[in-house]
Amino acid sequence: MARINGLSIFRKVYLAILAALEVVRTDKSNESDTRYKAGGIIKAINSFQFIVCLVVVERCLKCTRPLTLQLQSTSLDAGKAREKVALLFLTINELRSDVDECHQAYYQMAVELAEAGGVKPFKKRTGNRQMHRNNVPADSTAEYFKRAVTIPFLVACRTITVPIFSL
């Protein structure tokens, strides 16, 4: 539950985190190792790919919240938990079946967050033969991230809930 909430909070205060890290990176009173690590974190989180992944994972995992709360409750009711698992299974299937609409909303959120942070949306170039990274053919940046991030994540979520649902 804390991780789901943590992702939501991270997304909401993303710009403040970037600003704080920039202060740490540029403050000469900090140790050089600390400034170096802050610069590395800034580089890692100030990319469009990170922002898209953050938004997609946060929004998709948000639908697991009711089940997570139920499973962490001291008064765990197996019948109600099974109902929530079934509801989660249906929600993930619905997200997967409406992936175009779902991804468009997530992508728009990512673009807005990126623009606020001064990051331009882009997709990695596609090569003829690639072995060590995603090489998803796509005409647009939105299509690339739908195929490289949103669809695989929803498929993974669905794969995880199928064994739980069949209990």
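Scroll up to find the structure this text is about.
Fair warning: this is a prediction, and the values are worked out from it, not measured in the lab.

J.: Give a detailed account of the packing of aromatic side chains, specifying residues and quantitative values.
T.: Geometrically, a pair of aromatic rings is defined through the distance of the ring centres and the angle of the planes. Under the definition given, this model contains five aromatic pairs. Between F48 and F145, the aromatic rings sit 5.3 Å apart at their centres with planes inclined by 80°, giving edge-to-face as the arrangement. Of this pair, F48 sits in helix α4 (residues 48-61) while F145 sits in helix α8 (residues 141-165), and the two are 97 residues apart along the sequence.

J.: Let's hear about the pattern of salt bridges: which residues, and what values?
T.: Applying the stated rule across the entire model yields eight salt bridges. The shortest N-O distance in the salt bridge between E58 and R59 comes to 3.8 Å. Residue E58 is classed as buried on the basis of its relative accessible area, which comes to 2%. For R59, a relative accessible area of 26% corresponds to the partly exposed category. When the shortest N-O distance is used, the salt bridge between K146 and D100 registers 2.4 Å. Here the residue K146 occupies a position in helix α8, and D100 occupies one in helix α7 (residues 99-116), the gap between them amounting to 46 residues. Residues joined by salt bridges that share partners form a network here, namely R11, E58, R59 and K62.

J.: Please give an account of helix α6 (residues 78-97) that cites residues and values.
T.: In this model, α6 (20 residues) spans 28 Å end to end at C-alpha, consistent with the 28 Å of a helix rising 1.5 Å per residue. Taken together, the buried positions of α6 are A81, V85, L88, F89, I92 and L95. End-on view of α6: buried residues confined to an arc of 130°, all on one side of the axis. Of the residues in α6, the exposed ones pointing more than 90 degrees away from the buried face are E83, L87, L90, E94 and S97.

J.: Explain the nonpolar core residue by residue, including any values.
T.: Counting 30 residues, the largest nonpolar core has F48, I51, Y106 and F145 as the members making the most contacts within it. Looking at this core, the elements with two or more residues in it are α2 (14-26), α3 (32-45), α4, α7 and α8. The leading source of residues in this core is α7, at eight residues. The residues touching F48, leaving out its near neighbours within four places in the chain, are Y107, A110, V111, A114, V119, K120, P121, F122, T141 and F145. Ranked by size, the runner-up nonpolar core spans five residues in total, among them L67, L88, I92 and C157.

J.: Lay out the environment of T150 in plain terms, naming residues and giving numbers.
T.: In this structure, T150 sits in helix α8. Distance in space between the C-alpha atoms of T150 and C102 is 8.9 Å, their sequence separation being 48 residues.

Conventions used here
- Residue numbering note: each chain is counted from 1, following its sequence as written.
- Owing to the predicted nature of the model, reporting of local features is limited to residues with pLDDT of at least 70; listing and counting of side-chain atom pairs is limited to 80 or more, with chain, interface and lining totals taken over all residues.
- With hydrogens and water stripped out, all remaining heavy atoms of the structure feed into the side-chain values.
- Note on aromatic pairs: the rings of Phe, Tyr and Trp (six-membered ring only in Trp) are paired at centre separations within 6.5 Å, and the planes decide the class, stacked below 30 degrees, edge-to-face beyond 60, tilted for the rest.
- Numbering goes from the N terminus for both helices and strands, where a helix is a DSSP run of H or I of at least four residues and a strand is a run of E of at least two.
- Here, a salt bridge means any Lys or Arg side-chain nitrogen found within 4 Å of an Asp or Glu carboxyl oxygen.
- Only protein chains enter the calculation, and the probe is 1.4 Å; a residue is then buried if its accessible area is under 20% of its type maximum, exposed if over 50%, and partly exposed in between.
- To estimate how far a helix should reach, multiply one less than its number of residues by 1.5 Å.
- In this description, the arc belongs to the directions extending from the helix axis to the C-beta atoms.
- In these notes, a set of buried Ala, Val, Leu, Ile, Met, Phe, Trp, Tyr and Cys residues joined through side-chain atoms within 4.5 Å is what counts as a nonpolar core.
- Only heavy atoms matter for contacts: two residues are in contact if any of them lie within 4.5 Å across the pair.

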